[in-house]
Structure formats: C-alpha cells, structure tokens
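Below, each chain spelled out in residue letters.
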Amino acid sequence: MDDIEAIKQLKARYFRTLDTKDWDGMRRVFTDEATVDTSGSGGPVITGADEFIAFVRETLGDRSTVHIGHMPEIELTSESTATGIWSMQDLVQWPDGRDLRGYGHYHETYEKTDGVWRIASSRLTRLRMDIRPADAAGAS
Amino acid sequence: MDDIEAIKQLKARYFRTLDTKDWDGMRRVFTDEATVDTSGSGGPVITGADEFIAFVRETLGDRSTVHIGHMPEIELTSESTATGIWSMQDLVQWPDGRDLRGYGHYHETYEKTDGVWRIASSRLTRLRMDIRPADAAGAS
Amino acid sequence: MDDIEAIKQLKARYFRTLDTKDWDGMRRVFTDEATVDTSGSGGPVITGADEFIAFVRETLGDRSTVHIGHMPEIELTSESTATGIWSMQDLVQWPDGRDLRGYGHYHETYEKTDGVWRIASSRLTRLRMDIRPADAAGAS
C-alpha cells in the first residue's frame with residue numbers, strides 16, 4: 001500500500017473508531033503529542049492524544065454520532081511527513097434529542113514512525129452548521 | 001490500475017447501478033455465490049447473486065434510492081482475495097412518501113477471477129436509522 | 001502521485017474552491033474551453049471556463065453551499081485524457097432561506113497539459129432533488 005492510500009485508511013479508522021466508540025482504536029490513530037483544534041465546532045484547542053480522547057469521550061461518548069470524510073487532498077512533504085485536507089460532514093444527536101448537522105474541512109498533518117502513519121495535528125473549519133429537531137421515529 | 005483502486009471502483013459500480021436501477025450491471029458486481037446480510041436494515045441473509053438482485057428489485061425497484069459509500073479500508077489478503085470496510089449512508093423513499101435515512105458500515109470480502117474483482121460477501125451494520133416525513137416539494 | 005490520484009485531487013479542489021468561494025482557485029481546475037452541462041440542476045450548457053466561473057459567481061456566490069463528491073470511477077483513456085463518473089450531493093441555501101438538497105452523478109472528461117490535469121467537460125445527472133424549509137437556528 002502506498003503512503004497516500006495508507007493515510008486515507010488512517011483517517012478512515014479515525015472516523016470509524018470515533019462513531020463506534022472504539023476509544024483504544026481511536027487512540028492509536030494519533031501521535032502522542034497530537035494537537036487538535038476543535039474551535040470550528042465551538043470547542044478548545046487540545047494538546048496530547050490522551051487528552052483529546054478524554055475530551056471526545058466526555059463530550060460525545062454517550063451520543064449517537066456519524067462523522068464522514070470526503071475527497072482527501074493528501075500531499076507527501078517528506079518520506080515521513082504529509083499534509084491533508086478532507087471535506088467532512090457530521091451528525092450529532094444532542095441530549096435533548098435535537099440534531100447538529102455540520103459540514104466543513106479538516107486541515108491536517110501526518111507523521112510516519114516505524115512504518116506507521118499517524119495524525120499529528122488536525123484543525124476543523126466549517127462551511128455550515130445547523131441545529132434541527134430530531135428526525136422522527138426510529139433513531140437507533 | 002492497482003487492486004485497491006479496482007476494488008474501490010467495483011464498489012462504486014455497485015452503488016451507481018443500484019441507484020440507477022441498472023440490474024444487469026449490478027449483477028456483474030457479485031460472484032455467483034455471493035452472500036449478502038441485510039439484517040442491519042431489517043432484511044434477510046441472502047445467498048446467491050441472482051437471488052440478491054431479485055430481492056433488491058422487489059424491495060427497492062420502484063423507489064427513489066440514494067446509496068453512498070465513504071472512506072474504504074481495503075486490505076489485500078492474497079493475490080485474489082481482499083477484505084473491505086466502507087462507511088455508508090442511504091436515503092430511501094418509502095411508498096407512503098416518508099424517507100428512510102440511514103448510516104452504517106459495510107463489511108465485505110472480494111474475490112478476483114480471470115482478472116476481475118467481484119463482491120463475495122457483504123454485511124451491513126448500522127450507526128443510525130431515521131424515518132422522517134418526505135422533504136417538501138420537488139422530489140424527483 | 002499517479003494519474004488517477006491526481007484526477008481525484010483535481011476534483012477535490014473543484015468542490016473545495018466552489019464552496020469556499022475561491023474563484024481564482026476554481027478557475028484553474030478547468031481547461032480554457034471547458035464545457036459544463038448544468039441542465040441536471042435546471043441550468044444552461046456553458047462553454048468556456050471563464051464563462052462558467054462567472055455563471056457560478058452570479059448564481060451561487062452569495063449563498064451557503066456544500067458540494068460533496070463520492071466514489072470516483074476514473075478511467076485513463078490515453079496518456080493525456082481520462083473519463084470519470086462521480087457520485088455527488090449538494091446542499092444550497094436559497095435566498096428565501098429554504099434549502100435545495102440534491103443527489104446525482106457527474107460525468108466528466110479530463111485533459112493533461114504540461115503535466116497538469118484539468119476538467120475538460122462536466123455533465124450532471126440527478127437521482128433526486130428536494131426543496132425543504134431551512135434547518136432551524138444556527139445556519140452559519
């Protein structure tokens with residue numbers, strides 16, 4: 001598998017482990033010192049993978065979430081570093097039953113250590129965020 | 001085209017032929033003995049590509065459907081076999097006008113025969129399913 | 001980066017520059033003589049990249065838009081030409097606050113000149129288009 005494909009699958013695991021609440025799997029997606037800027041969603045800038053996983057568990061752990069990535073623009077900047085932009089959308093059920101539905105872009109950097117790519121930094125910018133009543137019946 | 005890209009395009013054809021109701025094209029996506037587990041959508045486990053196409057024609061043939069795949073995690077397990085996980089979303093218009101809108105993952109296996117990749121098995125798990133009133137005006 | 005990956009990233013830039021209103025960046029995605037058939041959205045067939053950018057600025061420039069591409073089927077037809085089909089969805093906020101939400105496929109051709117791939121033609125077909133009241137509160 002080439003490096004660009006490996007980075008695409010890395011980010012795929014990020015999304016899948018987030019929405020299936022596989023916190024151990026999600027932790028392995030990041031470098032130890034990863035920084036994640038969630039200000040595009042109204043959140044903080046967080047340093048450290050452990051700290052970020054703790055934040056996500058606290059804020060999203062008991063909610064139904066769907067996060068989807070689209071159309072990665074991955075650029076290899078050295079043998080062990082890369083940058084990427086992903087279009088994204090998310091659907092988060094709030095405790096009161098309403099849905100947050102958002103769209104935007106992740107702007108990221110990646111690092112390869114011991115043959116494994118990990119996310120070193122991630123910053124989310126938004127195109128649009130809507131809050132709306134929950135879709136009727138059958139949410140599961 | 002490499003094997004991973006070929007499998008991505010195989011699954012792209014699955015989605016496109018399904019939503020454009022190109023049943024002959026959709027049939028060619030599967031091995032003869034393919035198994036498809038639709039229990040994630042409340043349906044049966046079906047063995048045989050002809051049987052699955054017949055099932056889809058019966059249940060979705062006269063409905064507006066949109067099925068979309070995201071972020072494939074394809075792993076080659078031999079020269080002629082592979083596994084894959086796809087994030088997915090679907091939008092199905094019910095006979096009474098309401099919409100089913102769902103999200104989940106396909107867990108699949110692929111086989112290569114005579115140089116052509118086909119889907120050998122597919123199982124859908126769900127993150128979320130909603131039923132809601134049809135979007136107003138202009139569905140087409 | 002191979003040609004198929006380069007064309008995927010070309011189309012990714014199309015979507016990103018469109019939704020972030022980066023008109024100069026969007027112009028560079030197209031050949032000078034590109035043709036774009038927007039009849040699937042009720043629009044005209046336009047010849048010329050400058051003419052198309054002018055049309056998009058006029059019709060979408062002051063609206064919140066989200067356009068997303070999925071599951072490209074890219075086929076190289078020579079060293080400098082290719083075809084592609086993309087699943088797509090779009091979300092366009094109308095001046096009166098309502099949302100257009102659509103799904104379909106782009107059918108495209110690409111040309112490579114001086115080592116750079118560009119979109120030479122694009123035609124949109126639709127699976128479905130809905131118009132609905134704006135999502136409540138917080139559109140941004």
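Up top is the structure.
Before going into details, it helps to say that this report is about the structure given with it. On a predicted model such as this, the values are computed, not experimentally measured, just so you know.

Procedures and definitions
- Residues numbered from 1 in each chain as written.
- Chains lettered and ligands numbered in written order.
- Predicted model: local features only at pLDDT ≥ 70, side-chain atom pairs only at ≥ 80, totals over all residues.
- Heavy atoms only, no water.
- Phe/Tyr/Trp six-rings, centres within 6.5 Å; stacked < 30°, edge-to-face > 60°.
- Helix = DSSP H or I, 4+ residues; strand = E, 2+ residues; numbered from the N terminus.
- Buried < 20%, exposed > 50% of the residue type's maximum accessible area, 1.4 Å probe, protein only.
- Lys NZ or Arg CZ within 6 Å of the ring centre and 35° of its normal.
- Contact = heavy atoms within 4.5 Å.
- Buried area = accessible area lost by both parts, 1.4 Å probe.
- Salt bridge = Lys/Arg side-chain N within 4 Å of Asp/Glu carboxyl O.
- Polar contact = N/O pair within 3.5 Å; in protein donor to acceptor, adjacent residues only side chain to side chain.
- Expected span 1.5 Å × (residues − 1).
- 1 Å grid on protein atoms, 1.4 Å probe; cavity = no way out; pocket = protein on both sides within 12 Å on 5 of 7 lines; lining within 4 Å.
- Points joined across faces, edges and corners; volume = space filled by probe spheres on them.
- Nonpolar A, V, L, I, M, F, W, Y, C, P; charged D, E, K, R; others polar.
- Pairing = 2+ DSSP bridges.
- Axes fitted to C-alpha atoms, helices over the stretch in contact; angles between N-to-C directions.

Further remarks concern the packing of aromatic side chains. Scanning the model with the defined rule gives 18 aromatic pairs over all chains in all. Where Tyr14(A) meets Phe30(A), the ring centres are 5.9 Å apart and the plane angle is 85°; that geometry is what we call edge-to-face. Taken together, the residues Tyr14(A) in helix H1 (residues 3-19) and Phe30(A) in strand S1 (residues 30-37) connect sequence positions 16 residues apart. Here the two residues Tyr14(A) and Phe30(A) agree in accessibility, since each one is buried. With centroids separated by 6.4 Å and ring planes inclined at 65°, the aromatic side chains of Phe15(A) and Trp86(A) adopt a geometry described as edge-to-face. Residue Phe15(A) is located in helix H1, and its partner Trp86(A) is located in strand S4 (residues 81-93); the two are separated by 71 residues in the primary sequence. A residue is classified by how much of its surface remains accessible, and Trp86(A), at 2% relative accessible area, is buried. Clustering of aromatic rings is evident, with ring pairs tying together Tyr14(A), Phe15(A), Phe30(A), Phe52(A), Trp86(A) and Tyr106(A). Here the basic side chain of Lys11(B) rests over the ring of Tyr106(B), its NZ or CZ set 3.9 Å away from the ring centre. Directly above the ring of Phe15(C) sits Lys11(C), whose terminal nitrogen or CZ lies 5.0 Å from the centroid.

Next up on the list: the interface of chain A and chain C. The partner chain C presents 30 residues to the 19 residues of chain A that form the contact. A buried area of about 2,000 Å², summed over both sides, lies between chain A and chain C, and 52% of it is on carbon and sulfur atoms. Along the contact surface separating chain A from chain C lie three salt bridges. The salt bridge involving Glu5(C) is made with Lys8(A); its shortest N-O contact spans 2.6 Å. One can count five residue pairs in polar contact (both at pLDDT 80 or more) joining chain A with chain C.

A word on helix H3 (residues 49-60) of chain A. The terminal C-alpha atoms of H3(A), which comprises 12 residues, lie 16 Å apart, in line with the 16 Å expected from a rise of 1.5 Å per residue. For H3(A), the secondary structure elements touched by its buried residues are H1, helix H2 (23-27), S1, strand S2 (45-47), strand S3 (65-76) and S4 of chain A.

Right, let's talk about empty space enclosed by the protein for a bit. Going through the model one piece at a time under the given rule, you end up with seven cavities of 30 Å³ or more. What the largest cavity holds in volume is close to 380 Å³. Along the walls of the largest cavity sit 25 residues, with Met71(A), Pro72(A), Pro72(B), Met71(C) and Pro72(C) positioned nearest its centre. Those elements that provide at least two residues to the lining of the largest cavity are H1 and S3 of chain A, helix H1 (3-19) and strand S3 (65-76) of chain B together with helix H1 (3-19) and strand S3 (65-76) of chain C. Of the residues in the lining of the largest cavity, the class split is 11 nonpolar, eight polar and six charged.

What follows is about the interface of chain B and chain C. The interface of chain B with chain C comprises 30 residues on the first partner and 19 residues on the second. Surface buried jointly by chain B and chain C totals about 2,000 Å² across both partners, of which 52% is contributed by carbon and sulfur atoms. Taken together, the connections running from chain B to chain C amount to three salt bridges. There are five residue pairs in polar contact (both at pLDDT 80 or more) connecting chain B and chain C.

Residue and element names in this part refer to chain B. Among the secondary structure elements, Arg-126 is positioned in strand S6 (residues 116-132). Once residues within four sequence positions are removed from consideration, Arg-126 is found in contact with Gly-40, Ser-41, Met-88, Asp-90, Gly-102, Tyr-103 and Gly-104. A polar side-chain atom of Arg-126 sits 3.5 Å from the main-chain carbonyl oxygen of Gly-40. Within the structure, the side chain of Arg-126 is placed 3.0 Å from the side chain of Asp-90, a separation counted as a polar contact.

Turning our eyes to something else, we now look at the sheet that holds S1(A). The six strands lie next to each other as S2-S1-S6-S5-S4-S3 (chain A), forming an open sheet whose pairing is mixed. In this open sheet, the two edge strands, each paired with only one partner strand, are S2 and S3 of chain A. Direction aside, neighbouring strands of the sheet carry axes that sit 20° apart on average. For S1(A) and strand S6 (residues 116-132) of chain A, the ladder comprises four bridges, and the chain directions are parallel. Residue pairing for S6(A): Asp37(A) is matched across the bridge by Arg123(A). Relative to the sheet, H3(A) contacts S1, S2, S3 and S4 of chain A, its axis offset from that of S1(A) by approximately 55°. Packing of H1(C) onto the sheet brings it into contact with S3, S4, strand S5 (99-113) and S6 of chain A, and relative to S3(A) it is tilted by some 120°.

These figures capture arrangement, not role.
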